[in-house]
Each structure stands twice: as C-alpha cells, then as structure tokens.
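Geometric and topological summary
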Amino acid sequence: MLTIENGYRISIMLTEACNLKCSHCYMSANAKGKTLSNEEIDNLIDNLPINCLRISITGGEPYMCRDKLYYILDKIKNKFGKKMPEVRVETNGMFFYYDDATIIKEVQKLIGLGVSTLRLSDDEFHVRGGLNIKKLRNIEKVVQENHLNIIVSTLFQDKAVAFGRAKELNTNKIEKKKCLNRKESLIIPYFYTTIDGDVSTCAWKCAPSLGNCFKDRWDDIVKNLNTPLQSAILNSNIEEVARLVSNGDEDRFNYLKNILETKGQCMACKEMFKGKYE
Ligand code: SF4
Ligand code: SF4
C-alpha cells in the first residue's frame, strides 16, 4: 500500500504568470496567468500533512506575485515551525539580480522566511527568452562571497520535452524523456499542484489528478495513489499505464506502446491523457 508514512515532497505552483517567454516552456507561460489567492494558499498550507520533507514554490515566476510569495513562505514557516521541511524557491532571478546589494537584501529576506534553496536555470532557452546570464551567475557568486546561508542549485537544460511551447522546437532540441518518477517515489512520493489545486505525481501535470488540495483531505488524496493506474504512474511503469487505459483493446495498446518506444514515456502519457497545459 502506498502511503506518505516516510514523508513526501510537494511542488506548489504559486502563479502561472511569467516575465519571460522561453521557447521550451511546458506550460506556455506569459505575463498573464492565474495566481493563487490568499484563501487558496491558506487552504493548501493549513491542510498539508506535517511530515513534509521538501516544498518547492514554482511558477511561472514566483516573483511575478512577490507579496504572495512572501505570504506563502510565512504560512509555511508558521505551520511547520521546528519541523520545517527543505523549502525551495524556483525563480529566474530577474526580479533581484540587477546589483549585489539587491541580491544580498533579497536572499536575506528569503533566508528569514525559511528558504533553504534557491533554484535557478542557466541555459540557452532562458537566455533567448530574455535572461542576462552574467547577472544570473552573479547571484551564486554574491551568495558565496557574503557567506549567505542558502543553497544555490542551478538547472541546465539543452533539450526539452514536447509539452506546451516546446512542441514548436526543432526536433534536435526535443528530448525523449523518461518519467520523472523514480523508485524512491514509491517510498517518498513527489506531488505537483496545478494553479487550480489539482494534485498529481506528474511534473508536467499531464497524469490524472489525485484530488484537489484546496478542497479534499490529504488522507483521501494519498488513498487515491492506490488505484492500479496511479500506482503504475508513481512507479513510472508507463507500459502498464498504457495497458490499463487500453482496457483490453490490443490495437490501442500496440499504438501506445509504439509511441512509448519511439517518442518516450512522457509522449505516451500525452497521448493517453490531456494534460493541464496541453
Ligand atoms: S522562466 Fe520558466 S515559467 Fe517562465 S517562460 Fe521560462 S520556462 Fe516558462
Ligand atoms: S508525463 Fe507521464 S511519463 Fe512523463 S513525468 Fe508525467 S507521469 Fe511520468
């Protein structure tokens, strides 16, 4: 039986809005997009089980709604107290990277709110979207030089999975992606929320929802992991997922298996489920 007895990790989408328009963006983010309301943030954080190991705040770009970012971080800090999980903020850094003093001030603010990791992206997709790479790299330098107590973790990507805007990329930039769920997901699940509060175990919000974190009890959301379909998704057994959705139709199964083998697991999911951003 799949549970969260050993803890869980969660990635919370704070806003769909972004100041960049990267060509590989799976959610086709742009300046207009929904942001969580304070009430939705309250419902979400108040109801989270306490044995959380990691919370990532993502967008879009969380700094598009700076007040909401501080609000949710404060909520997390007050809720978890001494049981504070690792808290990550995933940002393109552009709202505070323009000079050293601003970087120091902002990073100190985040540390005060309990943030342990700043997750940045250093790649050509973001540069072409408008990111100044020199200024971005300066964030880590300033953090180190000033001994600021935060981890700067940088993600590099030269290919992307064909969701959202990435569908339009040249084929040599398209990645034949394997499921992001790993064996450890069966012991410590990773949940991802959409801007509407739907919870799934798919980073691209493609797999069917387990429930809604604004309305449903977490006990019920976790219980829903134990259907054959959701268990197979968490186990990254996408061939089994294809078998289940084919429901005995061998032609359909062979068609999905062919996509799985030629285009990868994520594209097979895309064919089976209409993802939130597709
Ligand atoms: S910074 Fe991130 S959310 Fe914004 S457009 Fe680029 S990939 Fe999408
Ligand atoms: S789309 Fe499917 S295969 Fe890809 S990460 Fe999501 S659940 Fe895994």
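Residues numbered from 1 in each chain as written. Chains lettered and ligands numbered in written order. Predicted model: local features only at pLDDT ≥ 70, side-chain atom pairs only at ≥ 80, totals over all residues.

A short note on the overall build of the protein chain
- When helices and strands are counted, the protein chain shows 10 helices and eight strands.
- Relative to a compact globule of 278 residues, whose C-alpha radius of gyration would be 19 Å, the protein chain shows 19 Å and is just as compact.
- In terms of overall dimensions, the protein chain has C-alpha extents of about 60 × 45 × 30 Å along its principal axes.
- Intrachain contacts of the protein chain at a sequence separation of at least 6 include 70% that bridge at least 24 residues. (Helix = DSSP H or I, 4+ residues; strand = E, 2+ residues; numbered from the N terminus. Rg over C-alpha atoms; globule rule 2.2 N^0.38 Å. Contact = placed C-beta atoms within 7 Å.)

A word on the packing of helix α8 (residues 238–246) against helix α9 (residues 250–263)
- Running from N to C, α8 and α9 point in directions that differ by 155°, and their axes come no closer than 9 Å. Here α8 is positioned roughly antiparallel relative to α9, judged by the angle of their axes. The two elements α8 and α9 meet at a crossing, and its hand is right-handed. Mapping the contact onto sequence places Ile-238, Glu-239, Ala-242, Arg-243 and Ser-246 in α8 and Arg-252, Phe-253, Leu-256, Lys-257 and Leu-260 in α9.
- Classifying every residue of the contact of α8 with α9 by side-chain character gives five nonpolar, one polar and four charged. (Axes fitted to C-alpha atoms, helices over the stretch in contact; angles between N-to-C directions. Parallel < 35°, antiparallel > 145°, perpendicular 65-115°, else oblique. Left-handed = near helix turned anticlockwise from the far one by under 90°. Nonpolar A, V, L, I, M, F, W, Y, C, P; charged D, E, K, R; others polar.)

Describing the site of ligand 2
- Neighbouring ligand 2 are 14 residues, the closest being Cys-179, Cys-202, Gln-265, Cys-266 and Cys-269.
- Ranked by residue count, the leading element in the shell around ligand 2 is helix α10 (residues 265–272), at three residues.
- When its residues are assigned to classes, the shell around ligand 2 shows 11 nonpolar, three polar and no charged. (Near = placed C-beta within 6 Å.)

Concerning the pairing of strand β1 (residues 8–13)
- Counted residue by residue, β1 has five buried out of six residues, so it is predominantly covered.
- Summarising the sheet, β1 and strand β2 (residues 52–58) pair through six bridges and their orientation is parallel. Paired with Ser-11 across the strands is Ser-56, a residue of β2.
- One crossover worth recording links β1 to the parallel β2 by way of helix α1 (residues 38–47), and it is right-handed.
- Bridge count between β1 and strand β6 (residues 190–193): three bridges; the pairing is parallel. Counted as the bridge partner of Ser-11 is Tyr-192 from β6. (Buried ≥ 20, exposed ≤ 12 C-beta atoms within 10 Å, placed from the backbone. Pairing = 2+ DSSP bridges. Right-handed = clockwise from strand over helix to strand, strands pointing away.)

Section: the sheet that holds strand β5 (residues 151–155)
- Read from one edge to the other, the open sheet built from eight strands follows the order β5-β4-β3-β2-β1-β6-β7-β8, with strand pairing classed as mixed. Edge positions in the sheet fall to β5 and β8 (211–212), since each of these pairs with one other strand and no more.
- Sheet topology places strand β4 (residues 117–121) next to β5; five bridges connect them, and they run parallel. Following the sheet pairing, Leu-120 is matched in β5 by Thr-154.
- Seen against the sheet, helix α2 (residues 66–80) touches β2 and β3 (86–90) and runs at an angle of roughly 170° to β2.

A word on α8
- When α8 is considered as a whole, its buried residues turn out to be Ile-238, Val-241 and Ala-242. Considered in projection along α8, the buried side chains sweep an arc of 100° and stay on one side of the axis.
- Where the residues of α8 are buried, they touch α7 (228–234), α9 and α10.
- Where α8 ends, the next residue or the one after it, Asn-247, has phi of about 50°, a positive value. (Arc of directions from axis to C-beta.)

Considerations on the environment of Val-152
- Here Val-152 lies in strand β5.
- Residues Val-152 and Leu-120, 32 residues apart in the sequence, show an inter-C-alpha distance of 7.3 Å.
- Those residues in contact with Val-152 that sit more than four places away from it in its chain are Leu-118, Leu-120, Ile-139, Glu-140 and Val-143.

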